[in-house]
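# Remarks on the overall topology
The lines below spell out each chain.
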Amino acid sequence: MQLRTLIGGAAVAAIAAAAVLGGLYAWTRAAPIAPADAAPPPPSAAVLAAGARVVALGDCMVCHTAGDGPAYAGGLGLRTPFGTIYSTNITPDPETGIGRWTLPAFRRALREGTSRDGHLLYPAFPYIHYTRMSDNDIELAYRYLMTRTPVHAPAPANDLLFPLNFRPVLAFWNMLYLRPGTSDTPASQATPIERGRYLVDTLGHCASCHSGLNLMGGERSPAFQGGRIDGWNAPALTRLAAADAPWTQADLVEYLRGGLALGHGAAKGPMRPVTERLASVPREDVEAIAAYLMSIQVAPQSQPAAAPAVKPAAAIVPGDRAGETLFAAACAGCHAAPAPMMRLADRPGLARSSAVLSGDPANFVQTVLQGIPWDNTSTVYMPPFADTLDDKQVAQLAAYVRTGLAARPAWDDVAATSAKLRKENQP
Ligand code: HEC
Ligand code: HEC
Ligand code: HEC
């Protein structure tokens, strides 16, 4: 073969490759939307209140606020199996926030996961759910956020594995998992169940934790069969009525609005911020969520599950004794039947809580290690024990609570679970 043809062939191949890459790049990058020249006019008090409700239902603050940092200024690291993604600044700061975003740019971000300048956003931002928000709710959220205090805060660089640190690959992900909503097909919200479905599937993005993720980071279907988030189990939402301690609609309203349902326990870990936000929205929204959840329950078994029996102390097997002693020293002051906390609100005790009745010890272990931090929406507080109890002691407590108090078969390998979660909980 002549040298000229060879060079010619190589050039053709290079041009073809460049065309493919260029095409790919063009395909994965949307056009920028021009920045706004002027801020939108200040909204009325009614629009502001309605916007606050949408933003609370959408949990926007939870992800867009880092620890004690300024609200909506971003910088919270979200850990995924592919690395850490940092939330961005959605205050109206003109340089580092959304201060110069128009409503169409904001709408495109929520509906298509595309930033104002055209780059694709990571699905750690749950746009696959927000995509079906109504135009009205999108505008309300925009108007509300544009009135927050602007904060100058550039987002930290993400720490992601190749090839996911290359944003264009997200175009393939979107092909698989994004079903874009449009202005023309807003979900009906006419009945409480329809309103609840909209709140759960769209703003509440409940499936992002409660469905579990597949290897591609897409949500498993069918939805709501239970998932794992930050070392906690997010239980299935379709078996609440068939659970060992069955949930009623009223229990769900109590839990989702107050972070505590007396017959089931408290919202903990990643669920806690969800209930904190739901505490601020009108009760009818939470009632709608509960009504929808009740409508997706699998039929309870024909034999109703017996209420978990509380074993008298004398029936505790000898292996639990170490745990029983620890419990008396560290936990009984709050959790034993005669403790003031138990008497005050007539709490049924740990034996009926999902964390103890679950077949998996993760939520029990996480509760003991992390405790339940104070928040402004309830009086629930439990201190963390990560620094005072070692993994063996956590396992002894688990054996006592699970087999002694709740009369359930012992969990396996609690000490190993505790060691693993302790490590994962490190910042
Ligand atoms: C589960 C966490 C999470 C929640 C909840 C969340 N976001 Fe985000 N959001 C993110 C992350 C992470 C990014 C950055 C993604 C990236 O850089 O690719 C982001 C990016 C954005 C962007 C794009 C900003 C930019 O500069 O490109 C907008 C706009 C936005 N979010 C608005 C919202 C609104 C409005 C809500 C509530 C309705 C919300 N987010 C709720 C995690 C979240
Ligand atoms: C200062 C009081 C206090 C102490 C001490 C305490 N807890 Fe708690 N714990 C709470 C509160 C409050 C809750 C939330 C549930 C409630 O209010 O009924 C809770 C919840 C729990 C739960 C989850 C139940 C649920 O809500 O689903 C477990 C498990 C638990 N505690 C275990 C322990 C163990 C084990 C110890 C001892 C190592 C302990 N607690 C010590 C106050 C306490
Ligand atoms: C960020 C992840 C996350 C999101 C989003 C989330 N949840 Fe949860 N949820 C959890 C985790 C983790 C638990 C277990 C925590 C516990 O037991 O304290 C939980 C517990 C629950 C429970 C109690 C279940 C049981 O069997 O004890 C209900 C009910 C619930 N969530 C409903 C919802 C609804 C409705 C939404 C949407 C509005 C939602 N969750 C959004 C993570 C999440």
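So, here is what we can say about the structure in this document. (Residues numbered from 1 in each chain as written. Chains lettered and ligands numbered in written order. Predicted model: local features only at pLDDT ≥ 70, side-chain atom pairs only at ≥ 80, totals over all residues. Heavy atoms only, no water.)

The protein supplies the iron atom of ligand 1 with one donor atom, His64 (NE2), which lies at 2.0 Å. With respect to the helices and strands, His64 occurs in helix α3 (residues 60-64). (Donors = N, O, S within 2.8 Å, 3.2 Å for Na, K, Ca; no water. Helix = DSSP H or I, 4+ residues; strand = E, 2+ residues; numbered from the N terminus.)

As a structural note, the neighbourhood of ligand 3 is formed by 25 residues, with Cys206, Cys209, His210, Met271 and Ser354 the closest of them. Here an oxygen atom of ligand 3 and a backbone polar atom of Lys268 are 2.8 Å apart. Note that an oxygen atom of ligand 3 is positioned 2.6 Å from one of the side-chain N or O atoms of Ser354. Class assignment for the residues of the shell around ligand 3 results in 19 nonpolar, 5 polar and 1 charged. (Near = heavy atom within 4 Å. Polar contact = N/O pair within 3.5 Å; in protein donor to acceptor, adjacent residues only side chain to side chain. Nonpolar A, V, L, I, M, F, W, Y, C, P; charged D, E, K, R; others polar.)

Taken together, 24 residues surround ligand 2, and among them Ala266, Cys331, Cys334, His335 and Met382 come closest. At 3.4 Å, a side-chain N or O of Ser353 approaches an oxygen atom of ligand 2. Counting only elements with at least two residues in the shell around ligand 2, the list comes to β7 (265-266), α14 (332-335) and α17 (362-370). By residue number, the principal contributor to the shell around ligand 2 is α17, which donates 3 residues. Residue assignment places the shell around ligand 2 across two domains, with domain 2 (192-295) and domain 3 (313-424) each supplying three or more. (Domains from an automatic or database assignment.)

Right, let's talk about the coordination of the iron atom of ligand 2 for a bit. Note on the iron atom of ligand 2: its protein donors are His335 (NE2) and Met382 (SD). The metal-donor distances range over 2.0 to 2.2 Å. Classification of His335 by relative accessible area gives partly exposed; the value is 21%. (Buried < 20%, exposed > 50% of the residue type's maximum accessible area, 1.4 Å probe, protein only.)

So, about the packing of aromatic side chains. Within the structure shown, the criterion is met by 8 aromatic pairs. Aromatic side chains Phe106 and Tyr142 sit 5.4 Å apart centroid to centroid with 50° between the ring planes, which places their arrangement in the tilted category. Within this pair, whereas Phe106 is found in helix α4 (residues 103-112), its partner Tyr142 is found in helix α6 (residues 135-145), the two being separated by 36 residues in sequence. With a centroid separation of 5.2 Å and 50° between ring planes, the pair formed by Phe327 and Tyr400 is classed as tilted. One end of the pair, Phe327, is in helix α13 (residues 321-330); the other, Tyr400, is in helix α18 (residues 391-405), with 73 residues separating them in the sequence. For the pair Phe327 and Tyr400, a shared accessibility class is recorded, and that class is buried. (Phe/Tyr/Trp six-rings, centres within 6.5 Å; stacked < 30°, edge-to-face > 60°.)

What follows covers the pattern of salt bridges. Evaluated as defined, the whole model comprises 13 salt bridges. One salt bridge connects Arg107 with Asp135, and the closest N-O pair in it is separated by 4.0 Å. Placement of Arg107 in helix α4 and of Asp135 in helix α6 is noted, with a sequence separation of 28 residues between them. Look at Asp135 and you get partly exposed, because its relative accessible area is 30%. Of the charged contacts, one joins Glu287 and Arg283 as a salt bridge, the two residues approaching to 2.8 Å between their closest N and O atoms. With Glu287 and Arg283 both in helix α12 (residues 283-295) and 4 residues apart, the pair spans about one turn of that helix. Since its relative accessible area comes to 34%, Glu287 is described here as partly exposed. A network of salt bridges, in which partner residues are shared, links Arg53, Arg195, Glu284 and Asp285. (Salt bridge = Lys/Arg side-chain N within 4 Å of Asp/Glu carboxyl O.)

Strand order in this open sheet of 3 strands is β1-β2-β3, and the pairing throughout is antiparallel. Two strands bound the open sheet, and with one partner strand each, they are β1 (77-80) and β3 (159-160). Sheet analysis places β1 next to strand β2 (residues 83-86), joined by 4 bridges and oriented antiparallel. By the bridge assignment, Leu78 is partnered in β2 with Ile85. (Pairing = 2+ DSSP bridges.)

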